[in-house]
Structures are given as C-alpha cells and as structure tokens.
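Per-entry structural report
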Amino acid sequence: MPTKDEAALLEIPTSLPVLEIVRQGVSGGDDQPIEVTEYVVASDRVETVHVLHRDESAQPPWPNPTDGDGEQP
C-alpha cells in the first residue's frame, strides 16, 4: 500500500495498492552493484506478464493425489 506521500505524488487514494519495482545494476567488469533504481507504480496503471517455460529435463506432471494414477475420479 502506498505511503501518504507516494499516494499524493501518484494522485491516487492510499487504499489503491502499488507495485514496487527495485532494479540493481551491476558492473560488467566485476559484478559489483553500481546503481539501484526504485519505481513505485499505481496498480491500476501496470500489468505484469510472466511466461514460464518447462525445461526439457523436467519430469512429467505429478499424479492427482486423490487417486495416485493421475486420472480424475
């Protein structure tokens, strides 16, 4: 939930959730942190999409725990 100051800057009510994104930039030479950027975005102005990919080495899906063989009862 936003602080009162964040809500005022974003021109939103304090009851509207926000998404906080924190990115850490690292040096290409020694992998040490060189900068941190924080974004606070009103939740009604952002959408996140995550595409999941199953690795080829992953096992088949687990069976249904109700009957043990993966079949629906």
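First things first, this report covers the structure right here in the doc.

About the criteria used
Residues numbered from 1 in each chain as written. Predicted model: local features only at pLDDT ≥ 70, side-chain atom pairs only at ≥ 80, totals over all residues. Heavy atoms only, no water. Core = buried A, V, L, I, M, F, W, Y, C linked by side-chain atoms within 4.5 Å. Buried < 20%, exposed > 50% of the residue type's maximum accessible area, 1.4 Å probe, protein only. Contact = heavy atoms within 4.5 Å. Salt bridge = Lys/Arg side-chain N within 4 Å of Asp/Glu carboxyl O. Helix = DSSP H or I, 4+ residues; strand = E, 2+ residues; numbered from the N terminus. Pairing = 2+ DSSP bridges. Polar contact = N/O pair within 3.5 Å; in protein donor to acceptor, adjacent residues only side chain to side chain.

Ala7, Leu10, Ile12, Leu16 and Ala42 form the largest nonpolar core, which has five residues in total. In this structure, alanine 42 is in contact with Leu10, Ile12, Leu16, Pro17 and Val18, ignoring residues within four places of it in sequence.

Below, the discussion takes up the pattern of salt bridges. For the structure on display, the rule yields one salt bridge. Residues arginine 45 and aspartate 44 are paired through a salt bridge, measuring 3.8 Å at the closest nitrogen-oxygen approach. With relative accessibility at 49%, the residue arginine 45 sits in the partly exposed group. The class of aspartate 44 is exposed, set by a relative accessible area of 55%.

Next up on the list: the environment of glutamate 20. In this fold, glutamate 20 is placed in strand S1 (residues 18–26). Residue classification places glutamate 20 among the partly exposed residues on the basis of a relative accessible area of 48%. As for glutamate 20 and valine 40, which are separated by 20 residues in sequence, their C-alpha atoms are 4.6 Å apart. When near neighbours in sequence (up to four residues on either side) are disregarded, glutamate 20 contacts Glu38, Tyr39 and Val40.

What follows concerns the pairing of S1. Pairing between S1 and strand S2 (residues 33–42): nine bridges, direction antiparallel. Following the sheet pairing, arginine 23 is matched in S2 by threonine 37. The turn linking S1 back onto S2 is made up of six residues, and aspartate 31 within it adopts a positive phi angle of 60°.

Turning our attention to the environment of glutamate 35. Within the element layout of this structure, glutamate 35 appears in strand S2. Under the relative-accessibility criterion, glutamate 35 is labelled partly exposed at 37%. Along the backbone, glutamate 35 and glutamine 24 are 11 residues apart, and their C-alpha atoms lie at a distance of 5.9 Å. Once residues within four sequence positions are removed from consideration, glutamate 35 is found in contact with Arg23, Gln24 and Gly25. A polar contact of 2.6 Å, which involves the side chain of glutamate 35, links it to the side chain of threonine 37.

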